Amino acid sequence: MIRFESVTKRYADGTVAVDQLDLVAPSRQITVLVGPSGCGKTTSLRMINRMIEPTAGRIWLDDRDTSTFSASDLRRGMGYVIQHAGLFPHRTVVDNVATVPLLLGQSRRQARSHAMELLELVGLDAELASRYPAQLSGGQQQRVGVARALAADPPVMLMDEPFSAVDPIVRAQLQDEFLRLQAELAKTIVFVTHDIDEAVKLGDQVAVLRVGGHLAQLASPADLLSRPADAFVASFVGRDRGYRALQFEQAPPLPTRAEPVVRLGVDLASAEGARVVGQSLEGWLLVVDDENEPQGWLDLRVPPAGPVDQAAVHRGGTLARQGGSFREALDAALSSPSGRGVVVDDEGRLVGSVTASQVVTAIERQAAADRGGERQATRVGT
């Protein structure tokens, strides 16, 4: 556990970056610090490992005041990941990851062997181990940065906007990988971001800071979206917070309907092709592969001249997992060019389709049931 106790950071020119901050980051959970520029997110993070020294107050690591550690000992017990990975450009990937174990006294063979295991853990091919950071993509560099931070198996991880320098697709992949690692390793993590979507996706709890280093609200992502503490938090979280909150609401079994499909390689002029075209709904036909995994939509207004191939597939529309969140289901329906959201099972195989109106109806029913439950609980409490 990490605990801030009335922590203040005031600079020599009188600027107050953090002011009387009280905050607890529970063990084995992800606490995300989020807020506008100048709110003290990074300053707060760096005070944990004493890269910045607090002006007043105390920071506790479990039951020990961090000021009683030597700075070097404190930092060796914490993993630290920054925006641009901070890798040593003159060292290979494997030697970058092995740096801290070597400093802790492991033999070169032990350190490099452990580094190779960590590279596999973060999803990097062994063939990349001998390359230098400049030979890697941005996403690969960030994975190496995470592996290096994990190299000493620290109980605490500090992460300062680690995924903000990569493109949106790679960023989403890194976030998913990060959550997978945390489920496996259960570290105590303090994570800084300026992106509220990233905060609610990754955080077990989210701390919203306002300019001057004041804590505006500390809450679970679902509570933050549904019950912002004040106008500042509501404004920062955004006007579409109701839509974001749907990702925390598991959808009940939705009334999917069987969706006519055509398989890749089928010629629409053939008997099989003519049959499925006759079953199509509103000019769109769902394309699946031999494993019954959806590939996209076929616009029958401009049908292919020969067999259906990947070039003919319209890629619009996301997929919703059966039993997933309301947000997944609604997004699938709204993003689909046919207006029908595609629902798949855990193996990615087609279950059926659902419309936005069906999802909205399910959301309204769930909300009514929740309100009824709250009224009942209030009557029982009184």
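Okay, so let's go over this structure.

Analysis parameters
Residues numbered from 1 in each chain as written. Predicted model: local features only at pLDDT ≥ 70, side-chain atom pairs only at ≥ 80, totals over all residues. Heavy atoms only, no water. Helix = DSSP H or I, 4+ residues; strand = E, 2+ residues; numbered from the N terminus. Buried < 20%, exposed > 50% of the residue type's maximum accessible area, 1.4 Å probe, protein only. Contact = heavy atoms within 4.5 Å. Areas by Shrake-Rupley, 256 points an atom, 1.4 Å probe, with all protein chains shown as cover. Lys, Arg positive; Asp, Glu negative; His and termini not counted. Charge placed at Lys NZ, Arg CZ, Asp CG, Glu CD. Polar contact = N/O pair within 3.5 Å; in protein donor to acceptor, adjacent residues only side chain to side chain. Pairing = 2+ DSSP bridges. Salt bridge = Lys/Arg side-chain N within 4 Å of Asp/Glu carboxyl O.

## Looking at the overall build of the protein
A tally of helices and strands in the protein yields 13 helices and 16 strands. Overall size of the protein, expressed as C-alpha extent along the three principal axes, is 80 × 65 × 40 Å. Out of the 382 residues in the protein, the part that is buried amounts to 45%. Partitioning the contacts of the protein with sequence separation of at least 6, the portion at a separation of at least 24 is 62%. Summed over all atoms, the accessible surface of the protein reaches about 18500 Å², with 50% contributed by carbon and sulfur. Within the protein, the 47 negative side-chain charges are centred at a point lying 5 Å from the centre of the 40 positive side-chain charges.

## Let's talk about the side chain of Glu177
Structurally, the position occupied by Glu177 is in helix H6 (residues 168-185). In terms of polar contacts, Glu177 uses its side chain to reach the side chain of Arg180, at 2.6 Å. Excluding residues within four positions of it along the chain, Glu177 makes contact with Leu121, Val122, Gly123 and Arg143.

## Details of the pairing of strand S1 (residues 2-10)
Taken together, the five bridges between S1 and strand S4 (residues 56-61) define a ladder with antiparallel strand orientation. Looking at S4, one finds that Arg3 is bridged to Trp60. With six bridges joining them, S1 and strand S2 (residues 16-25) adopt antiparallel strand pairing. Counted as the bridge partner of Ile2 is Ala25 from S2. Counting the residues between successive antiparallel strands, the hairpin from S1 to S2 contains five residues, one of them, Gly14, with a positive phi of roughly 95°.

## Considerations on the pattern of salt bridges
According to the stated counting rule, one finds 19 salt bridges in the structure shown. Note that Arg58 and Glu5 form a salt bridge whose closest N and O atoms lie 3.2 Å from each other. Of the two residues, Arg58 is situated in strand S4 and Glu5 in strand S1; the sequence distance between them amounts to 53 residues. When the shortest N-O distance is used, the salt bridge between Asp176 and Lys201 registers 2.9 Å. Of the two residues, Asp176 sits in helix H6 while Lys201 sits in helix H7 (residues 196-202), which places them 25 residues apart along the sequence.

## Section: the environment of Leu87
Its place among the elements puts Leu87 in the loop between strand S6 (78-81) and helix H3 (93-103). Residue Leu87 is classed as buried on the basis of its relative accessible area, which comes to 13%. In this structure, Leu87 is in contact with Asn96, Pro133, Gln141, Val144, Gly145 and Arg148, ignoring residues within four places of it in sequence.

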